[in-house]
Amino acid sequence: MALRPAAGEGRAGGDASRAAGAIREHDGLENVQQKKIFKENKTQQREEPRAADSVDSLMAEMPFLDTDIDDECVMHATSEINIKKKRKRTTGREIEEGIERKKKKNKQYQPNYFISLPITNPEITVSIQAVQDAIIQKDQRLSKAMVRSGSLHVTMLLMHLSNEEEISTAVDALSESKVFVEDLLRGKRVDLSFQGIDHFKNQVGFVKLVENTTILTEIAEAMKKIFQEKGILAGEERAFKPHLTFMKLSKSMELRKQVKKIDSNLYEDFKSHYFGDEILHRFDLCSMLKKKQPNGYYYCESSIVFVQTELSFELFLHEHYIWLSPRHSI
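All values reported here derive from a predicted model rather than from experimental measurement. (Residues numbered from 1 in each chain as written. Predicted model: local features only at pLDDT ≥ 70, side-chain atom pairs only at ≥ 80, totals over all residues. Heavy atoms only, no water.)

> Just give me the short version of the overall build of the chain, but keep the residues and values in it.
Counting its regular elements, the chain contains 9 helices and 9 strands. With 330 residues in all, the chain has 45% of them scored as buried. In the chain, once contacts between residues fewer than 6 apart in sequence are set aside, the share between residues at least 24 apart is 81%. Per element, the accessible surface of the chain, about 18800 Å² overall, is 51% carbon and sulfur. (Helix = DSSP H or I, 4+ residues; strand = E, 2+ residues; numbered from the N terminus. Buried < 20%, exposed > 50% of the residue type's maximum accessible area, 1.4 Å probe, protein only. Contact = heavy atoms within 4.5 Å. Areas by Shrake-Rupley, 256 points an atom, 1.4 Å probe, with all protein chains shown as cover.)

This is the structure:
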């Protein structure tokens, strides 16, 4: 005859079993939730946007920034940005914190100012307009990719300025650069000849500079050194390649979804076209994010102008109106 457990023992045993079951159920649920969180964090990590995409969305109006930002202009001013860290296993929370730190760093080091060599010769701007019109006639969608004539320029140097103090320091650096440029030019006229069209990975169309590229390279390197010595996050690692961008897909996110590459046949008739000469006479410190001037040119914090024998400064100011900010210096 089997013995029945006492009433108290039965209840105690049942309670213990139920408690153990509850613990196992709780642990199982917690493990499932942790796996789910880890999976979601991994998904977020995979979907983290590349730095180039972030720059594109922030400064889509810049003629020199595009989807193949590796070829045109990305600022890598300090080795700190490029240090590769060893991968390690992390919890879901650490992955999330790492993503946030990466976002903050990318935003912190994005260029927001640049030194511009403006294009003011009407012959060049009219010729570029003709190319743009011819391309649009063949593919209307690319009208969104065209750079306005008032924004045409050659980018000399990229930089990141975080506050008003750094902007003032950059103004001083640009003014200091004038001495070097004047010593290099020695009052001589320098004609920058633009001829032929090329592209960066079929994402950007630009007019090539075919003369005096060496002088511009020397100026760009000198400016980079001067700005960096003053503590300004400026410059890039790859070699300076002066060019005049007139079309880029990154100007429109919608366009980039429709057009993956710009067909070079669209500008086949202009591949060797002579666009004209620009006299080297001025460099501007421009903002990428502040409101542009009425003519389409960028907000100018400061400028340096070079008076040359063949070019009258007074005539230049009369024929080419320049909007001057309170910081503008000559």
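> Explain the sheet that holds strand β8 (residues 282-287) to me, using residue names and the numbers behind them.
Pairing within the open sheet is antiparallel, and its 5 strands lie in the order β5-β2-β1-β8-β9. The sheet is open, and its two edges are formed by β5 (233-234) and β9 (299-305), each paired on a single side. Two strands pair when backbone bridges link them, and strand β1 (residues 113-118) and β8 are joined in this way by 4 bridges, in the antiparallel orientation. From the neighbouring strand, Phe114 faces β8, where its bridge partner is Cys286. (Pairing = 2+ DSSP bridges.)

> Before we move on, can you summarise the packing of aromatic side chains with the specific residues and values?
Taken as a whole and judged by the stated rule, the model has 4 aromatic pairs. Ring plane angle 75° and centroid distance 5.7 Å describe the contact between Phe283 and Phe306, whose orientation is recorded as edge-to-face. One end of the pair, Phe283, is in strand β8; the other, Phe306, is in the loop between β9 and α9 (313-319), with 23 residues separating them in the sequence. Under the relative-accessibility criterion, Phe283 is labelled buried at 0%. The rings of Phe114, Tyr297 and Tyr298 are connected pair by pair, giving a single aromatic cluster. (Phe/Tyr/Trp six-rings, centres within 6.5 Å; stacked < 30°, edge-to-face > 60°.)

> Account for the environment of Met156, naming residues and giving values.
The residue Met156 is located in strand β2 (residues 153-160) in this model. Each C-alpha atom, one on Met156 and one on Ile219, is 8.2 Å from the other, the two residues being 63 residues apart in sequence. Apart from the residues lying within four places of it in its own chain, the contact partners of Met156 are Ile115, Leu117, Leu216, Ile219, Ala220, Phe240 and Phe283.

> Describe the confidence of the model for the chain, naming the residues involved and giving the relevant values.
On average, residues of the chain carry a pLDDT of 75, and 60% of them reach 70 or more. Note on residues 321-330: pLDDT under 50 across the span, and 26 contacts to partners over four residues away in sequence or across chains. (pLDDT = per-residue confidence, 0-100.)

> Requested: an account of the nonpolar core, with residues and values cited.
Counting residues in hydrophobic clusters, the biggest one holds 58 residues, and the most contacted among them are Ile115, Leu142, Met159, Phe194, Phe227 and Phe283. Formed by 6 residues, the second largest nonpolar core is a distinct cluster that contains Phe114, Leu158, Met288 and Tyr297. (Core = buried A, V, L, I, M, F, W, Y, C linked by side-chain atoms within 4.5 Å.)

> Outline the side chain of Gln293, listing residues and values.
As for its position among the elements, Gln293 is in the loop between β8 and β9. Of note is the side chain of Gln293, whose polar atom sits 2.9 Å from the backbone oxygen of Tyr298. (Polar contact = N/O pair within 3.5 Å; in protein donor to acceptor, adjacent residues only side chain to side chain.)

> Any details on the packing of helix α6 (residues 164-185) against helix α7 (residues 213-229)? Residues and values, ideally.
Their axes nearest at 9 Å, the elements α6 and α7 cross at an angle of 145°. The interaxial crossing formed by α6 with α7 has right-handed handedness. Each of Ala170, Ala173, Leu174, Glu176, Ser177, Phe180, Val181, Leu184 and Leu185 in α6 lies in contact with α7, whose residues at this interface are Ile215, Glu218, Ile219, Ala222, Met223, Ile226 and Phe227. Among the residues forming the contact of α6 with α7, the class breakdown is 13 nonpolar, 1 polar and 2 charged. (Axes fitted to C-alpha atoms, helices over the stretch in contact; angles between N-to-C directions. Left-handed = near helix turned anticlockwise from the far one by under 90°. Nonpolar A, V, L, I, M, F, W, Y, C, P; charged D, E, K, R; others polar.)

> Please set out the pairing of β1 residue by residue, giving values where relevant.
When you tally the buried positions in β1, you get 6 out of 6 residues, the bulk of the element. The two faces of β1 match: Tyr113, Ile115 and Leu117 on one face and Phe114, Ser116 and Pro118 on the other face are all buried.

> Provide a residue-level description of the side chain of Ser287, including the pertinent values.
Assignment of secondary structure puts Ser287 in strand β8. Excluding its chain neighbours within four sequence positions, the residues that come into contact with Ser287 are Asn112, Tyr113, Phe114, Tyr298 and Tyr299.

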